[in-house]
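Structural description and commentary
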Amino acid sequence: MQELQSAKELVKRYYAMLDASGITAQETLEAFTADTYLWRGFHPFGELNSAEEVAHKFWGPFHKSLTSLQRREDVFFAGLNQIDGFNGVWVVSMGHLLGLFDEPFLGIPPTQKIAMLRYCEFNKVEDGKIVETAMYFDLPDLMVQAGLRPFPNQTAAQLVQPGPKTHDGLLKNSQDKSAGEATLALINRMIGDLGQWNSGLSLEDELRQTWAEDMLWWGPTGIGATFTIPRYAKQHSGPFRAAFTERSKTNHIARLAEGNYGGFFGWPNFTARLSGPFMGQDSTGKTGEFRVIDIYRRESEKLAENWVFIDLLHFWKSQGNDVLQRLASGDL
């Protein structure tokens, strides 16, 4: 437990310095990351391999675009990684990065108003340093805030996504070990039920095995947020399954839980072939990658809330729809 708390304290200090005005991102990253640092970010960033590269390509431009930056954190926890035999320590942070959108970012025009980048980050800590980061974020949501339309009308709701209903997602202190074990076990049961789409049950009955009837699914812009098992089945899970075939097995880099919160990420989590219409766009017949973070809140014996980050810009580029290129060409 002390190992987890030490890792949390390190990441909290890292965020305090990273978010502070007057301190460069490179200086902060070099102070807190290992020489072998690996950073994974959603399209167009991909894998970066040094503090200097991460500062130059992501944090520097982002801080320049969104000024007076605030980190508005909704979920914070740590855990041991099931995928490597519960050896690796990871710290998870999720929320919004809020600032004044004063200069363009990746071609997205500034609004001179408040803007928020919805994010979730996994940081692996070893020997007092951050050695690996998965920084996933909803760029299409930032586009919508700037008045752009990166995707056709979505099946679920577009809105500012809140933190947990219970307002208890910031696990700054040690948590009961058994609670985290129960959360991870429930997530694993859910993956077993839904991961391969072959349970033999109806979709709604599959969901009811591990999800609360009034579940909240906070999906990315382009798909949206949805509420209750029937509406989730209708507004996302059903259309998603109908659109895709040849889904690969699930592959995660990290999967962990603490208290009533847990989650995972992959690079990619799985691949699937787009064999039908999805997100208002036609079938391509092409296989694409799904880079995903899922964060869950457990309530009693069921999953009550799920925040989802999907690299839709990367997926759609693989299908021949380069959203950032369309933005640069004035086609959004």
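Below: a short report on this structure. (Residues numbered from 1 in each chain as written. Predicted model: local features only at pLDDT ≥ 70, side-chain atom pairs only at ≥ 80, totals over all residues. Heavy atoms only, no water.)

Right, let's talk about the overall build of the protein chain for a bit. Counting secondary structure elements, the protein chain contains nine helices and 15 strands. Over its C-alpha trace the protein chain gives a radius of gyration of 19 Å, about what one expects of a compact globule, namely 20 Å for 332 residues. A fraction of 67% describes how many contacts in the protein chain between residues 6 or more apart in sequence connect residues 24 or more apart. Carbon and sulfur atoms form 49% of the exposed surface of the protein chain, whose accessible area is close to 13,700 Å². Computing the positive centroid from 32 side-chain charges and the negative centroid from 40, the protein chain places the two 4 Å apart. (Helix = DSSP H or I, 4+ residues; strand = E, 2+ residues; numbered from the N terminus. Rg over C-alpha atoms; globule rule 2.2 N^0.38 Å. Contact = heavy atoms within 4.5 Å. Areas by Shrake-Rupley, 256 points an atom, 1.4 Å probe, with all protein chains shown as cover. Lys, Arg positive; Asp, Glu negative; His and termini not counted. Charge placed at Lys NZ, Arg CZ, Asp CG, Glu CD.)

Moving on: the sheet that holds strand β13 (residues 287-290). Strand order in this open sheet of three strands is β9-β12-β13, and the pairing throughout is antiparallel. Strands at the two margins of the open sheet, each flanked by one partner only, are β9 (244-245) and β13. Here strand β12 (residues 270-274) runs beside β13; their pairing, made up of four bridges, is antiparallel. Bridge pairing links Thr271 to Glu289 in β13. (Pairing = 2+ DSSP bridges.)

Turning our eyes to something else, we now look at unusual backbone geometry. Here His43 and Pro44 are connected by a cis peptide whose omega angle stands at 15 degrees. Tracing the sequence through the fold places Pro44 in the loop between β1 (33-41) and β2 (46-48). Cis rather than trans, the peptide bond between Trp267 and Pro268 has omega equal to -5 degrees. Within the fold, Pro268 resides in the loop between β11 (261-265) and β12. One non-glycine residue with positive phi stands out, namely Phe86, at about 65 degrees. Following the sequence through the fold, Phe86 ends up in the loop between β3 (66-80) and β4 (89-101).

Take the pairing of strand β10 (residues 254-258) next. Of all five residues that make up β10, five are buried, and the element is covered over most of its length. Side chains of β10 alternate between two faces, with Ala254, Leu256 and Glu258 and Arg255 and Ala257 buried alike. The loop that links β10 with its antiparallel partner β11 comprises two residues; one of these, Gly259, has a positive phi angle of about 55 degrees. (Buried < 20%, exposed > 50% of the residue type's maximum accessible area, 1.4 Å probe, protein only.)

Once that is clear, we can look at the side chain of Glu305. For Glu305, the position within the fold is in strand β15 (residues 302-310). One polar contact links Glu305 to Trp218, side chain to side chain, over a distance of 3.0 Å. Within the structure, Glu305 has its side chain in polar contact with the side chain of Arg297 (distance 2.8 Å). Leave out the neighbours within four places in its chain, and Glu305 touches Gly163, Pro164, Lys165, Leu216, Trp218, Ile295, Tyr296 and Arg297. (Polar contact = N/O pair within 3.5 Å; in protein donor to acceptor, adjacent residues only side chain to side chain.)

Once that is clear, we can look at the pairing of strand β6 (residues 129-137). Within β6, eight of the nine residues are buried, leaving the element largely enclosed by the surrounding structure. Of the strand pairs in this sheet, β1 and β6 are connected by five bridges, and their pairing is parallel. In the sheet register, Leu38 faces β6, and the bridge partner there is Glu132. Note that strand β5 (residues 114-126) and β6 share eight bridges and pair antiparallel. Residue pairing in the sheet places Cys120 in a bridge with Tyr136 of β6. The turn linking β5 back onto β6 is made up of two residues, and Asp127 within it adopts a positive phi angle of 50 degrees.

Strand order in the open sheet formed by six strands is β2-β1-β6-β5-β4-β3, with mixed pairing between adjacent strands. Looking at which strands have only one partner, the edges of the open sheet turn out to be β2 and β3. Each strand axis lies, on average, 20 degrees off the axis of its neighbour in the sheet, ignoring direction. Against the sheet, helix α1 (residues 2-19) makes contact with β3, β4, β5 and β6, and its axis sits at roughly 175 degrees relative to β3, the strand it touches most. The strands touched by helix α2 (residues 25-32) within the sheet are β1 and β6, with β1 carrying the most contacts at an inclination of about 120 degrees. (Axes fitted to C-alpha atoms, helices over the stretch in contact; angles between N-to-C directions.)

Inspection of α2 places Ala25, Thr28, Leu29 and Phe32 among the buried residues, and these make up the whole buried set. Seen end-on, α2 carries its buried residues on one side only, within an arc spanning 95 degrees. Against α1, β1, α3 (51-65) and β6 lie the buried residues of α2. (Arc of directions from axis to C-beta.)

A few words on the packing of aromatic side chains. Aromatic rings in a pair are described by how distant their centres are and how their planes are angled relative to each other. The final tally for this structure, using the stated rule, is 34 aromatic pairs. Here the aromatic rings of Phe240 and Phe244 are separated by 4.6 Å at their centres, their planes lie at 35 degrees, and the arrangement is tilted. Phe244 shares its class with Phe240; the two are buried. Above the plane of the ring of Tyr15 lies Arg71, whose end atom (NZ or CZ) is 3.7 Å from the centre. One cation-aromatic arrangement involves Lys172 over Phe76; the distance from NZ or CZ to the ring centre is 5.5 Å. (Phe/Tyr/Trp six-rings, centres within 6.5 Å; stacked < 30°, edge-to-face > 60°. Lys NZ or Arg CZ within 6 Å of the ring centre and 35° of its normal.)

Moving on, we get to the pattern of salt bridges. Under the definition given, this model contains 17 salt bridges. A salt bridge links Glu126 to Lys124; the shortest N-O distance between them is 3.5 Å. The class of Lys124 is buried, set by a relative accessible area of 15%. A salt bridge links Asp311 to Arg291, with the nearest nitrogen and oxygen atoms 3.5 Å apart. (Salt bridge = Lys/Arg side-chain N within 4 Å of Asp/Glu carboxyl O.)

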